[in-house]
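Analysis of the macromolecular model
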Amino acid sequence: FTACDTVELELLDNPNVVGSENADPNFILNDVQLTFARNVWNGYNGPSMSSTRMTNLFGAYNGAIDENTLITEWQQSYQMFGNIDLIEGLHNVDLENGGEGLTNHLGVAQVIEAFAYMLLVDYVNDVPYSEANKPEEFPNPNTDPAKSVYDAQLELLDAAIANLQAGGLIEPTTDLYFGDFDADNWIALANTLKLRAYNNLRLTDPARATAGINSTANGSIIDNTSEDFTFGYSDVQDPVESRHPFFTTGYLAAGAGSYMSNNFLDLLNAGDDQPPFIETGTIDPRTRYYLYRQTSNPPSGSDLPCAGDARYDYCYVGNLYWGRDHTDDAGIPNDGFKRTTFGIYPGGGAFDRDEFAQARATENNLGGAGVLPIYLASHTKFLLAETALTLGTNGNPANLLAEGIRLSLDKVDDFVGGVATDGFEMTQADKDNYVAGVLAEYNAANNNGKLAIIAREAFLASWGNGVEVYNLYRRTGFPTLQSPITAAGAFPRGYRYPVDEVENNPNIQQRQLTDQVFWDNNPGGFID
């Protein structure tokens, strides 16, 4: 700058600010799609998996889930909402100039916006909505009541469906979730998100939930695996890391970066040394797809610091599955190349064919080309089974339960691709026997037991998706999960606001982990 005669920075366009005059709606929508999957939904997923005993939670709840947990998810959500506003602006400008508008782009963006706002409410309850992203008018936006935000998203989903049904010749060039753009896929997702919302609302407004579910389920919904809402990764790491997070935390030089939960291993009936809480009769057919064992030696000595400690329900479940009990905060041995890690589904790792090799050494994997299972057809079936049982909505809960299980088994089985299974893959007989066993258990149970079974099967089918399980656990109290083995504190019924938001906005007061979200009217302390 010192070599310039004049510097008129106020006349220069900031290249980092996108305005309507230089914005490509396809690029903006691509950013919205990426942001939602990788920076928003996936950010909620990690702590939700550990708190619900899918992966191990190390130590107390308030150590794992604190005022820093949702900083990225909060910031990225509102930045994404700003980009969606920009898409709406471009749509309106095109209409004003005699064009047909960007109804497809806007419809997709509105579906993602509604999902993202519902996630914010599901985790922190009241959030800025009506005053959000208007810094000149509302530099310190107030929060809106959570129920009104939820209601607004149901209306937004209807608006999105109308836009997608209107169609038009202008379509998004890229669909990062469904492949080639098809408005019908996004309409099905929008309707399914309405089902998801009504299911959460069933505790506080059962009549509305019943009517909404019966009405919505009659339309286009995600009820086939071809319609699953997933985000795909690849095996590419350069120039941008594009492999699934499960792969990058389990298959690289440092070894497995996290432990599996012994409770989850138990519910899969994977172990042999400890009596399971709930027995379905045989090892879950999905186990070799979900998990990969790195060693043929059982843990012992310094690799098993829990041995002989009466606090542990499991310590070691057996069958070479190395995990940890819920909230186990003991010292961590140097076992990164021995502990059980993520398998081929959904993280693109290895199929367990009794190879017993270090995950980083095996070539029997998808190289990280996995998926985020954000919302699946099996989720829809379990949801409808739950509401048919609890609300009396349309459908037979036992049939819906069976359909959900079969959709999950088939999806996981089909995920292997060309990876060698050496005869360890699930067979049709395995699938049939598993479903028959669950149905026999279900038919013999009372209504409370039936709900527990639906929740357990939804839990097992949701591997890789702690978000839906976190809602399920708070909503039903099921499945029956291992209590913390340490002084972990109360289970988080909601998350805390990001510290930056609380410090910078005087209109937001910090929440406690025991504060419940508006649709959760279950008793305090009924889950741990």
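Above this note sits the structure.
Quantities reported herein were computed from a predicted structural model and do not represent experimental measurements.

A few points about the overall build of the chain
- Helix and strand counts for the chain come out as 16 helices and six strands.
- A compact globule built from 528 residues would reach a C-alpha radius of gyration of about 24 Å, and the chain, at 24 Å, matches this within 12%.
- Principal-axis analysis of the C-alpha atoms gives the chain an extent of 75 × 65 × 50 Å.
- Within the span of the chain, comprising 528 residues, buried residues form 59% of the whole.

Examining helix 7 (residues 206–217)
- The terminal C-alpha atoms of helix 7, which comprises twelve residues, lie 16 Å apart, in line with the 16 Å expected from a rise of 1.5 Å per residue.
- Of the positions making up helix 7, those classed as buried are Ala209, Thr210, Gly212, Ile213, Asn214 and Thr216.
- Tucked inside the fold, the buried residues of helix 7 contact helix 6 (183–201) and helix 11 (377–390).

Looking at empty space enclosed by the protein
- In total, this model carries three cavities of 30 Å³ or more according to the counting rule given.
- Roughly 160 Å³ of internal volume is contained in the largest cavity.
- Residue lining of the largest cavity: 15 residues in total, with Tyr375, His379, Leu383, Glu468 and Arg475 positioned closest to the centre.
- Within the residue set of the lining of the largest cavity, elements represented by two or more residues are helix 6, helix 11, helix 14 (447–461) and helix 15 (466–476).
- Residues that form the lining of the largest cavity fall into these classes: seven nonpolar, four polar and four charged.
- Size it by volume and the second largest cavity reaches roughly 140 Å³.
- For the lining of the second largest cavity, the per-class residue count stands at ten nonpolar, two polar and five charged.

Re the environment of Leu201
- Within the secondary structure, Leu201 is located in helix 6.
- We classify Leu201 as buried; its relative accessible area is 2%.
- Separated by 51 residues in sequence, Leu201 and Tyr150 place their C-alpha atoms 9.5 Å apart.
- Every residue in contact with Leu201, bar those within four places of it in the chain, is listed here: Tyr150, Leu154, Pro206, Arg208, Ala209 and Phe518.

So, a negative patch on the surface
- Side chains of Glu171, Asp180, Asp182 and Asp184 sit close together on the surface and give a patch of like negative charge.
- Positionally, Asp184 belongs in helix 6.

Here we look at the packing of aromatic side chains
- Considering all chains together, one arrives at 36 aromatic pairs under this definition.
- Aromatic side chains Phe36 and Phe229 sit 6.5 Å apart centroid to centroid with 35° between the ring planes, which places their arrangement in the tilted category. Here Phe36 is found in helix 1 (residues 25–51), whereas its partner Phe229 is found in strand 1 (residues 229–232), with 193 residues between them in sequence.
- For Phe36, a relative accessible area of 0% corresponds to the buried category.
- Between Trp74 and Tyr78, the ring centres sit 5.2 Å apart and the planes meet at 45°, which makes this aromatic pair tilted. Here the residue Trp74 and the residue Tyr78 both occupy positions in helix 3 (residues 71–96), the gap between them amounting to four residues, near one helical turn. Of the two residues, Trp74 and Tyr78, both sit in the buried class.
- The rings of Phe36, Phe115, Tyr177, Phe178, Trp186, Phe229, Phe231 and Tyr233 are connected pair by pair, giving a single aromatic cluster.
- In this arrangement the basic side chain of Arg324 is found over the ring face of Tyr259, its NZ or CZ atom lying 4.8 Å from the centre.

Overview of the pairing of strand 6 (residues 371–375)
- Across the five residues that make up strand 6, a large majority, five, are buried.
- Inspection of the sheet shows strand 1 paired to strand 6 by four bridges, in the antiparallel sense. Residue pairing across strands places Thr230 opposite Pro373, the latter belonging to strand 6.

Re the side chain of Asn522
- Here Asn522 shows up in the segment after helix 16 (499–504).
- Polar side-chain contacts of Asn522 include one of 2.8 Å to the backbone oxygen of Arg474.
- What Asn522 contacts, discounting residues up to four positions off in sequence, is Leu203, Arg474, Arg475, Arg493 and Gln516.

A look at the packing of helix 4 (residues 103–124) against helix 15
- At a closest axis distance of 11 Å, the pairing of helix 4 and helix 15 adopts a crossing angle of 45°. Considering their axes alone, helix 4 and helix 15 lie oblique with respect to each other. The two elements helix 4 and helix 15 cross, and the hand of that crossing is left-handed. Residues Leu119, Asp122 and Tyr123 of helix 4 touch helix 15, and the partners they reach there are Val467, Tyr470, Asn471 and Arg474.
- When the residues that make up the contact of helix 4 with helix 15 are grouped by side-chain class, the tally is four nonpolar, one polar and two charged.

Remarks on the environment of Gly219
- Summarising the element assignment, Gly219 is placed in the loop between helix 7 and strand 1.
- The spatial distance from the C-alpha of Gly219 to the C-alpha of Asn191 is 7.5 Å, given a sequence separation of 28 residues.

Overview of helix 12 (residues 397–414)
- Compared with an ideal rise of 1.5 Å per residue, which puts 18 residues at 26 Å, helix 12 spans 26 Å between its outermost C-alpha atoms and is within 8% of the ideal.
- With 13 of its 18 residues buried, helix 12 lies for the most part within the structure.
- Sitting at the head of helix 12, Asn396 places a side-chain oxygen 2.9 Å from the backbone nitrogen of Ala398.

Each value, and the rule that gives it
- Residues numbered from 1 in each chain as written.
- Predicted model: local features only at pLDDT ≥ 70, side-chain atom pairs only at ≥ 80, totals over all residues.
- Heavy atoms only, no water.
- Helix = DSSP H or I, 4+ residues; strand = E, 2+ residues; numbered from the N terminus.
- Rg over C-alpha atoms; globule rule 2.2 N^0.38 Å.
- Buried < 20%, exposed > 50% of the residue type's maximum accessible area, 1.4 Å probe, protein only.
- Expected span 1.5 Å × (residues − 1).
- Contact = heavy atoms within 4.5 Å.
- 1 Å grid on protein atoms, 1.4 Å probe; cavity = no way out; pocket = protein on both sides within 12 Å on 5 of 7 lines; lining within 4 Å.
- Points joined across faces, edges and corners; volume = space filled by probe spheres on them.
- Nonpolar A, V, L, I, M, F, W, Y, C, P; charged D, E, K, R; others polar.
- Patch = residues over 30% accessible without salt bridge, like charges linked within 9 Å, V, L, I, M, F, W, Y side chains within 5 Å.
- Areas by Shrake-Rupley, 256 points an atom, 1.4 Å probe, with all protein chains shown as cover.
- Salt bridge = Lys/Arg side-chain N within 4 Å of Asp/Glu carboxyl O.
- Lys, Arg positive; Asp, Glu negative; His and termini not counted.
- Charge placed at Lys NZ, Arg CZ, Asp CG, Glu CD.
- Phe/Tyr/Trp six-rings, centres within 6.5 Å; stacked < 30°, edge-to-face > 60°.
- Lys NZ or Arg CZ within 6 Å of the ring centre and 35° of its normal.
- Pairing = 2+ DSSP bridges.
- Polar contact = N/O pair within 3.5 Å; in protein donor to acceptor, adjacent residues only side chain to side chain.
- Axes fitted to C-alpha atoms, helices over the stretch in contact; angles between N-to-C directions.
- Parallel < 35°, antiparallel > 145°, perpendicular 65-115°, else oblique.
- Left-handed = near helix turned anticlockwise from the far one by under 90°.

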